[in-house]
Amino acid sequence: HTTQKTMKQTLESDVSFGPGEYEISDKGRHALDAYCEAVIAGKTEFDKLYPDRTILIKIKVVGYTDQVDFIEGTNLLKQLIEGVEDEIPQTEPAQRQFLNQRLSELRAEILSDYIVKYISRRNLEGRIEQEAIGLGEELPPDISSPYPQQDSRRRICKIYTYVLVR
């Protein structure tokens, strides 16, 4: 029989995007770098407290979008439909919702990958697990309706990072 002791330190942050964007701005990069440094510091602290234990960093990024339509023929639209195997709805609002779902997934994936790459460059012992989820036009937590369709507070990714001792 083995007993595992789980201790957890949770860090949380938000990163915003402009309308129809999923690339990280310079301002967003600086915020993410500082966030990653806090995660690394938390892991280092656990390393010192539990030198013989496995430290796990779990990163979960949840992307959201506003409810704005897409302009035909744009590069963004081409990027959103690239590689899609499902049939893209042809009627509104289903098409807009489908595309915003894809946009929220891209936002979550790019942030999750950025964080993992940043932390991995440090060659820290332990494991990193990542999860990227797109929730499309759903409202972010702690936001209640009615909510403007084209509100910058909807164009975010929520980042949850857990540093666990196993």
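What you are looking at is a predicted structure, and each value in this text was computed from that prediction instead of being measured.

(A) Molecular detail of the overall build of the protein. Scanning the protein from N- to C-terminus turns up three helices and four strands. Listing every helix and strand of the protein by position from the N terminus yields β-α-β-α-α-β-β. Across the 166 residues of the protein, 39% fall into the buried class. For the protein, the accessible surface area stands at approximately 9,900 Å², while carbon and sulfur atoms represent 46% of it.

(B) Examining the environment of I133 more closely. With respect to the helices, strands and loops of the structure, I133 is situated in strand 3 (residues 127-134). With 25 residues separating them along the chain, I133 and K158 place their C-alpha atoms 9.9 Å apart. Sequence-distant contacts of I133, that is, excluding residues within four places in its chain, are made with K60, V61, V62, G63, S104 and A108.

(C) Representation of the nonpolar core. Counting 25 residues, the largest nonpolar core has L32, I59, V61, L111, I115, I119 and I159 as the members making the most contacts within it. The biggest single contributor to this core is helix 3 (residues 94-120), with seven residues. Apart from residues lying up to four places away in sequence, L111 is in contact with V15, F17, I24, L32, V61, C157 and I159.

(D) Highlighting the confidence of the model for the protein. Averaged over all residues, the pLDDT of the protein equals 86, while 90% of them reach at least 70. Here strand 1 (residues 7-16) is the element of the protein with the lowest mean pLDDT, 67, and strand 3 is the one with the highest, 96.

(E) Structural context of the packing of helix 1 (residues 26-49) against helix 3. Contact geometry of helix 1 with helix 3 gives a least axis separation of 10 Å together with a crossing angle of 50°. Classified by the angle their axes make, helix 1 and helix 3 are oblique. The handedness of the crossing between helix 1 and helix 3 comes out as right-handed. Packed against helix 1, whose contacting residues are R29, L32, D33, C36, E37, V39 and I40, the element helix 3 presents L111, Y114, I115, Y118 and I119 at the interface. Residues that form the contact of helix 1 with helix 3 fall into these classes: nine nonpolar, no polar and three charged.

(F) Fine view of the pairing of strand 4 (residues 156-165). Judged by how many residues are buried, strand 4 sits mostly within the fold: nine of ten residues are covered. Examined bridge by bridge, strand 2 (residues 55-63) and strand 4 share nine bridges and lie antiparallel to one another. Across the sheet, K60 pairs through a bridge with Y160, a residue of strand 4.

(G) A look at the pairing of strand 2. The element strand 2 is extensively covered by neighbouring structure, given that seven of its nine residues are classed as buried. Pairing geometry for strand 2 and strand 3, over eight bridges, is parallel. Pairing of K60 across the sheet is with E131, part of strand 3.

(H) Just the pattern of salt bridges, in detail. In total, this model carries six salt bridges according to the counting rule given. Between E137 and R96 there is a salt bridge, with the nearest N and O atoms lying 2.7 Å from each other. Of this pair, E137 sits in the loop between strand 3 and strand 4 while R96 is found in helix 3, placing the two residues 41 residues apart along the sequence.

(I) Just the side chain of T161, in detail. Relative to the elements of secondary structure, T161 occurs in strand 4. A distance of 2.8 Å separates polar atoms of two side chains, one belonging to T161 and the other to Y35.

Rules used throughout
- Residues numbered from 1 in each chain as written.
- Predicted model: local features only at pLDDT ≥ 70, side-chain atom pairs only at ≥ 80, totals over all residues.
- Heavy atoms only, no water.
- Helix = DSSP H or I, 4+ residues; strand = E, 2+ residues; numbered from the N terminus.
- Buried < 20%, exposed > 50% of the residue type's maximum accessible area, 1.4 Å probe, protein only.
- Areas by Shrake-Rupley, 256 points an atom, 1.4 Å probe, with all protein chains shown as cover.
- Contact = heavy atoms within 4.5 Å.
- Core = buried A, V, L, I, M, F, W, Y, C linked by side-chain atoms within 4.5 Å.
- pLDDT = per-residue confidence, 0-100.
- Axes fitted to C-alpha atoms, helices over the stretch in contact; angles between N-to-C directions.
- Parallel < 35°, antiparallel > 145°, perpendicular 65-115°, else oblique.
- Left-handed = near helix turned anticlockwise from the far one by under 90°.
- Nonpolar A, V, L, I, M, F, W, Y, C, P; charged D, E, K, R; others polar.
- Pairing = 2+ DSSP bridges.
- Salt bridge = Lys/Arg side-chain N within 4 Å of Asp/Glu carboxyl O.
- Polar contact = N/O pair within 3.5 Å; in protein donor to acceptor, adjacent residues only side chain to side chain.

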